[in-house]
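If you want the building blocks of each chain, they are given just below.
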Amino acid sequence: MTNVSIMTFNILSILPILILSGFGMIVLLVDVLSSRRLGEKNLLAYISLIGIILAAIFARSPAGTTLFSFNESFAIDNYSLFFNFIFLLSTGLTILISHSYIKREEINHGEYYALILFSTIGMMLMAAGADLLNIFIGLEVMSISIYILTGFKRSKLISNEASLKYFLLGAFATGFLLYGISLVYGSTGAINLKQIASFIASKGGISDPVLLMGMGLIIIGLGFKVASVPFHAWVPDVYEGAPTAITAFMSVGPKAAGFAAFLRILITAFGSAHDEWQKIIYILAILTMTTGNVIAIAQTNIKRMLAYSSIAHAGYLLIALVSANDMGVSGTLFYMLAYTFMNIGAFAIVIVLSRKGDEFIQINDYAGLGFKHPLLALAMTLFMFSMAGVPPTAGFVGKFYIFSAAIKSGYIGLAVIGVINSVISVYYYLRITVIMYMKEPTREFAPLTISPLIVAAIAISVIGTLHLGIFPSKVMEIAQQATLMLK
Amino acid sequence: MLAYLFYIVAAITVTTAVYLIFEKNPVFGALYLIQTMVSLAVLYILLEAQFVAAVQIIVYAGAIMVLFLFVIMLLNLDIGEETKNALPYQRIPAILMGIALFTIICIVIRSKLLQGKQDQYTTAFVQGVGNTKLIGNLLFTEYLLPFEITSILLFVAAIGAIMLAKRKL
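Conventions adopted
Residues numbered from 1 in each chain as written. Chains lettered and ligands numbered in written order. Predicted model: local features only at pLDDT ≥ 70, side-chain atom pairs only at ≥ 80, totals over all residues. Heavy atoms only, no water. Helix = DSSP H or I, 4+ residues; strand = E, 2+ residues; numbered from the N terminus. Buried < 20%, exposed > 50% of the residue type's maximum accessible area, 1.4 Å probe, protein only. Contact = heavy atoms within 4.5 Å. Salt bridge = Lys/Arg side-chain N within 4 Å of Asp/Glu carboxyl O. Phe/Tyr/Trp six-rings, centres within 6.5 Å; stacked < 30°, edge-to-face > 60°. Axes fitted to C-alpha atoms, helices over the stretch in contact; angles between N-to-C directions. Parallel < 35°, antiparallel > 145°, perpendicular 65-115°, else oblique. Left-handed = near helix turned anticlockwise from the far one by under 90°. Buried area = accessible area lost by both parts, 1.4 Å probe. Polar contact = N/O pair within 3.5 Å; in protein donor to acceptor, adjacent residues only side chain to side chain. Nonpolar A, V, L, I, M, F, W, Y, C, P; charged D, E, K, R; others polar. UniProt positions renumbered as here; feature names shortened; annotations may be inferred. Patch = residues over 30% accessible without salt bridge, like charges linked within 9 Å, V, L, I, M, F, W, Y side chains within 5 Å. Areas by Shrake-Rupley, 256 points an atom, 1.4 Å probe, with all protein chains shown as cover. Core = buried A, V, L, I, M, F, W, Y, C linked by side-chain atoms within 4.5 Å.

Participant: What is the right way to read the overall build of chain B from this model?
Facilitator: Regarding its fold elements, chain B presents seven helices and zero strands. Walking chain B from its N terminus toward its C terminus, one meets helices and strands in the order α-α-α-α-α-α-α. Buried positions account for 20% of the 169 residues belonging to chain B. A separation threshold of at least 6 residues defines the contact pool for chain B, and within that pool the share at least 24 residues apart is 54%.

Participant: How should I be thinking about the pattern of salt bridges in this particular structure?
Facilitator: Charged atoms that come close allow side chains of opposite charge to pair. Residues and elements named next belong to chain A. Per the stated rule, a full pass over the model turns up six salt bridges over all chains. A salt bridge links Glu105 to Lys153; the nearest nitrogen and oxygen atoms lie 3.9 Å apart. Placement of the pair is Glu105 in the loop between α3 (78-104) and α4 (110-128) and Lys153 in the loop between α5 (132-150) and α6 (157-188), with a sequence separation of 48 residues. Residue classification places Lys153 among the buried residues on the basis of a relative accessible area of 6%. The shortest N-O distance in the salt bridge between Arg304 and Asp237 comes to 3.2 Å. Of this pair, Arg304 sits in helix α12 (residues 302-323) while Asp237 sits in helix α9 (residues 235-241), and the two are 67 residues apart along the sequence. Sharing partners across several salt bridges, the network here consists of Glu161, Lys165, Asp237, Glu240 and Arg304.

Participant: Teacher, can you tell me more about the side chain of Ser330(A) here?
Facilitator: All names here are of chain A. As for its placement among the helices and strands, Ser330 is situated in helix α13 (residues 326-353). Overall, the relative accessible area of 1% leaves Ser330 in the buried class. When near neighbours in sequence (up to four residues on either side) are disregarded, Ser330 contacts Met476, Ala479, Gln480 and Thr483.

Participant: I'm lost on the packing of aromatic side chains in this one. Help?
Facilitator: Geometry of an aromatic ring pair is reported as the spacing of the ring centres plus the angle between the planes. Residues and elements named next belong to chain A. Going through the model one piece at a time under the given rule, you end up with 22 aromatic pairs over all chains. The interplanar angle of 90 degrees and the centroid separation of 5.0 Å between the aromatic rings of Tyr147 and Tyr166 together place this pair among those described as edge-to-face. Residue Tyr147 is located in helix α5, and its partner Tyr166 is located in helix α6; the two are separated by 19 residues in the primary sequence. For Tyr166, a relative accessible area of 2% puts it in the buried group. Grouping aromatic residues by their ring pairs yields a cluster made of Tyr147, Tyr166, Phe167, Phe224, Trp234 and Tyr239.

Participant: Looking at this structure, how should I read the packing of helix α10 (residues 244-269) of chain A against α12(A)?
Facilitator: In a pair of packed helices, the angle between the axes and the distance between the axes together describe the arrangement. Residue and element names in this part refer to chain A. For the pair α10 and α12, the least separation of the axes is 11 Å and the interaxial angle reads 15 degrees. By the criterion of interaxial angle, the relationship of α10 to α12 is roughly parallel. Between α10 and α12 the crossing geometry is right-handed. Across from Thr244, Thr247, Ser251, Lys255, Phe259, Phe262, Leu263 and Leu266 in α10, the residues of α12 making contact are Lys303, Ser310, Ile311, Ala314, Leu317, Leu318 and Leu321.

Participant: Looking at this structure, I do not really get the interface of chain B and chain A. What am I missing?
Facilitator: How big an interface is tends to be stated in terms of accessible area lost as the parts join. Contacts between chain B and chain A engage 35 residues on the former and 43 residues on the latter. The contact between chain B and chain A buries some 3,200 Å² in all, and 77% of this surface belongs to carbon and sulfur atoms. Where chain B touches chain A, the interface holds zero salt bridges. Seen at the junction of chain B and chain A, the total is two residue pairs in polar contact (both at pLDDT 80 or more). Of all the elements in the fold, those that place two or more residues in the side of chain B that touches chain A are α4 (91-110), α6 (131-140) and α7 (144-165) of chain B. Examining the composition of the side of chain B that touches chain A, we find that 16 residues originate from one element, α7(B), more than from any other. Residue composition of the side of chain B that touches chain A, grouped by class: 22 nonpolar, seven polar and six charged.

Participant: Whenever I open this one, unusual backbone geometry confuses me. Can you help?
Facilitator: Cis rather than trans, the peptide bond between Val229(A) and Pro230(A) has omega equal to 5 degrees. Looking at the secondary structure, you find Pro230(A) in the loop between α8 (209-225) and α9. Pro391(A) connects to Pro392(A) through a cis peptide bond whose omega is 5 degrees. Its location among the elements puts Pro392(A) in the loop between α15 (374-388) and α16 (394-408). Even without a glycine there, the phi angle at Ala324(A) is positive, about 50 degrees. Note on placement: Ala324(A) falls in the loop between α12 and α13. Its identity as a non-glycine residue notwithstanding, Glu48(B) has a phi of 65 degrees, on the positive side. Along the chain, Glu48(B) falls in the loop between α2 (26-46) and α3 (50-75).

Participant: How should I be thinking about the side chain of Lys303(A) in this particular structure?
Facilitator: By the element assignment, Lys303(A) lies in helix α12. Within polar-contact distance, the side chain of Lys303(A) engages the side chain of Thr244(A) at 3.3 Å.

Participant: Even after reading the chapter, I still don't get the environment of Ala367(A), so can you show me in this structure?
Facilitator: Residue and element names in this part refer to chain A. Mapped onto the elements of the fold, Ala367 is located in the loop between α13 and α14 (369-372). Of the residues examined, Ala367 reaches a relative accessible area of 1% and is grouped as buried. If near-sequence neighbours (up to four positions away) are discounted, Ala367 is found in contact with Ile435, Lys439, Glu440, Pro441, Thr442 and Phe445.

Participant: What am I meant to see in the UniProt feature "transmembrane region" (unreviewed entry) in chain B here?
Facilitator: Residues and elements named next belong to chain B. The feature "transmembrane region" (unreviewed entry), as annotated in UniProt, sits at residues 6-22, 29-47, 53-77, 89-110 and 143-165 in this numbering. Note that residues 89-110 is 91% helix and 0% strand, and that its end C-alpha atoms are spaced 33 Å apart. Taken end to end, residues 143-165 comprises 96% helix and 0% strand; its first and last C-alpha atoms sit 33 Å apart.

Participant: Explain a nonpolar patch on the surface here, please?
Facilitator: Residue and element names in this part refer to chain A. Judged by side-chain polarity, Phe9, Ile11, Leu12, Leu18, Ile53, Ile57 and Phe58 come together as a nonpolar surface patch covering roughly 590 Å² of accessible area. Counting through the fold element by element, Ile11 comes out in helix α1 (residues 11-33). Relative accessible area serves as the criterion here: at 46%, Ile11 is assigned to the partly exposed category.

Participant: I keep staring at the nonpolar core and nothing clicks. Help me out?
Facilitator: Across soluble globular proteins, nonpolar side chains have a tendency to be buried as a group. Judged by nonpolar contacts, the single largest core of 191 residues is most densely connected at Phe83(A), Phe270(A) and Ile281(A). Those residues within four positions of Phe83(A) in sequence are excluded, and the remaining contacts are Ala127(A), Ala256(A), Ala260(A), Leu333(A) and Met336(A). Counting six residues, the second largest nonpolar core, distinct from the first, contains Leu33(B), Met37(B), Ala61(B) and Met65(B).

See the structure below:
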């Protein structure tokens, strides 16, 4: 009989994860125990929000330190804290915009909130994972929750189709990722990112074809999760079919988590093999930006347009990944935060305008919105300007940092292609504004049913977009501190 | 002796896997798959990984295959008819890419660059402690966090199965 000594770990490092999983289970229990008396289920949304706020408070406490726990496999540094903040923000905003939406669509089940909380756990694990195993498990927790949430409108065929498509392709991508991880483990004998890095450094770079293949397969797996071209085929259909609130969540949270893992794996573990992966990401970035922006022009459905726009934004973020300098990393963090505000804001407005049985998602449906609901149109205009990268909005500052990072690393051609793509994107973003203000309404606007929670979400998004656009320096400073510890 | 056993079992594995692909009757296909899984378990034993072999038989040959057969019986699948090739343009590229992948794998295996972690887990050490005990130790010490998070993963999957499949919520 031998004793197994469980190693010591800092409970603070996983406290946000513990809180979220606890609250996820509380939501499920409250749902079961009170389902008859509590017809409206408002309580569940509030419980989830309390969980998120508590997790955010405790996630903040170790700021400024670098903590490795669980045998160096779990890293709490400013980098993962910044990403945790983005995840919690996007989860909180999603719950705010979901509350009235899921009631209207009659998919108001407690599992909805629980799954959103669980997927946030997965994202946190991905951002903080300092070994490939943790990153993989985090990715699975996140993905499986979102496959289910995509199919949450069980009676709608389009939602079922989206869920099945996402699940099958996602499982395939997971296979690539896992195969890559196993090849990396086979050739380096380590799954810890730092040990992989020191192994590669001791060999003076990657010469082993097995290791190269493993790295390539990991890039495919994560490239699928962040929706980069050519692994993007699922995006438009899944974004269109999923419940709109989940589309908003999906375009922000998992994308941020994918980039968190992408940056940490490529920069920490394969940092000395920069020349090898930089070429792949370079081509991916150009393909992703251009395909996303060009196809977005032709869309008539606003959810599909935002899907292609989300592909294009993944392309801009890949530019930051190529440059792989501190400015690129802090640029990614800043851009992801800005994208959270503007994208969830835009989807919130789509949700406000939609009604049961009428999604109201054709772009022409927005004609005349500027006269009928001037405040909503103004907010939508702001989000569209921000996504196009017009100053003084958050999107402009984010793009500025990312393109500067590319120039600083000497990728001037890439920065130029990025700027050209931004110009292309102005066309389809501004088209919505033009339609809202300069066209006669083609159809009646029904009286809006606005809940205070969704108003709060739109207000937070507007304030965030403007604040990051006008006073970016404070947040940028935090983002810069986050990058120091990555290597 | 062991080398001969390896070649025999490996040949069985590959042959049954090929039969599985070309078999038209789903029940026979499932049986070939069971044979493939069991042969893989034998290969694991040859690699001194008895625990993995046992898990392979219990989980794959046992649980998952029973599930497969249940689905086949419940859906009452007939012997597959000649279906029209839905992806005619992918056929030739798929064959070419398959050959390319096979070539790459062969090159990689021949280059003998695989160098797994050897330091403390030598065969003698593993046999001294015992396979199962060693894995159990590692799961509760070094890999405690992923092990625990897996419980959330399974929980989420259970919620999903109920959520998407239950007739009335």
